[in-house]
Amino acid sequence: MTRPPLPPSTWDGAMQRVRMAATAWNGRDADVVTPDVTDDSELGNRTEFLSVHKAAQALLPRVWNTEQDDRLIKELWDNSGNRIAARILYELPGKNEQRLRHCGSEECELAAKGRPHHWTQNPRPEDRPSFHALGH
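Fair warning: this is a prediction, and the values are worked out from it, not measured in the lab.

What counts and what doesn't
- Residues numbered from 1 in each chain as written.
- Predicted model: local features only at pLDDT ≥ 70, side-chain atom pairs only at ≥ 80, totals over all residues.
- Heavy atoms only, no water.
- Buried < 20%, exposed > 50% of the residue type's maximum accessible area, 1.4 Å probe, protein only.
- Helix = DSSP H or I, 4+ residues; strand = E, 2+ residues; numbered from the N terminus.
- Pairing = 2+ DSSP bridges.
- Core = buried A, V, L, I, M, F, W, Y, C linked by side-chain atoms within 4.5 Å.
- Axes fitted to C-alpha atoms, helices over the stretch in contact; angles between N-to-C directions.
- Phe/Tyr/Trp six-rings, centres within 6.5 Å; stacked < 30°, edge-to-face > 60°.

Asks: Help me out: how do you make sense of the pairing of strand β3 (residues 71-80) in this one?
Replies: Regular strands place side chains that alternate from one sheet face to the opposite one. Across the ten residues of β3, seven count as buried, placing the element largely inside the fold. Counting the residues between successive antiparallel strands, the hairpin from β3 to strand β4 (residues 83-93) contains two residues, one of them, Gly81, with a positive phi of roughly 70°.

Structure, rendered in structure tokens:
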């Protein structure tokens, strides 16, 4: 299976890949997210980390059932051929209608076939603020 855009990535191709990964996560469909998870990939949600494709398929529904109103924003941070770095902003509901934000980064090295990688629950609307607009 291949996941275009394939490496070596241009800046625009890397931005497209990062956006597709966030869209897949926010869509909450493990069958869409996990094809990008190879057996040697690590996947986690701050408290659990997995290194096997089938375990990822078991983890994701539990994460999404627990964090039903969460949202993930990813933005390209750096791109170097077959390596992509993205900044991540993860929002969860908090108390008194506030949202909790967790920030981090993700680094991926893509194989030749374009693996691995990944408010209604689908694409983040284009008018949704970016990291910079949110002060990050």
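Asks: Help me understand the nonpolar core, please; the structure alone is not making it clear to me.
Replies: In globular proteins that are soluble, nonpolar side chains generally tend to be buried together. Core analysis: the largest hydrophobic core is formed by twelve residues, namely Ala24, Trp25, Ala30, Val33, Leu59, Leu60, Val63, Trp64, Leu72, Ile88, Tyr90 and Leu92. Of all the secondary-structure elements, those providing two or more residues to this core are α1 (11-26), α2 (30-33), α3 (53-66) and β4. Per element, the largest residue contribution to this core is four residues, and it comes from α3. Of all hydrophobic cores here, the second largest spans seven residues; its members include Ala14, Val18, Ile84 and Cys108.

Asks: Is there a simple way to think about the sheet that holds β4 in this case?
Replies: Remark on secondary structure: sheet strands pair via backbone hydrogen bonds, oriented parallel or antiparallel. Ordered in space as β3-β4-β5, the three strands form an open sheet in which the pairing is antiparallel. Either end of the sheet is taken by a strand with one partner, and the two such strands are β3 and β5 (99-109). Strand-to-strand twist across the sheet, computed as the mean angle between neighbouring axes with direction ignored, equals 20°. Relative to β4, β3 is paired through nine bridges, and the arrangement is antiparallel.

Asks: Can you walk me through the pairing of β4 in this structure?
Replies: Within β4, eight of the eleven residues are buried, which leaves it mostly tucked inside the rest of the structure. Here β4 runs beside β5; their pairing, made up of eleven bridges, is antiparallel. Within the sheet, the bridge partner assigned to Leu89 lies in β5 and is Cys103. Between the end of β4 and the start of β5, which pair antiparallel, lie five residues, with Asn96 showing a positive phi angle near 55°.

Asks: Before we go on, may I ask you to explain the packing of aromatic side chains in this structure?
Replies: Two measures describe an aromatic ring pair: the distance that separates the ring centres and the angle between the ring planes. Taken as a whole, this structure holds one aromatic pair when the rule is applied. With centroids separated by 5.2 Å and ring planes inclined at 70°, the aromatic side chains of Trp25 and Trp64 adopt a geometry described as edge-to-face. Remark: Trp64 occurs in helix α3 and Trp25 occurs in helix α1; sequence separation between them is 39 residues. The exposure class assigned to Trp64 is buried, which follows from its relative accessible area of 6%.

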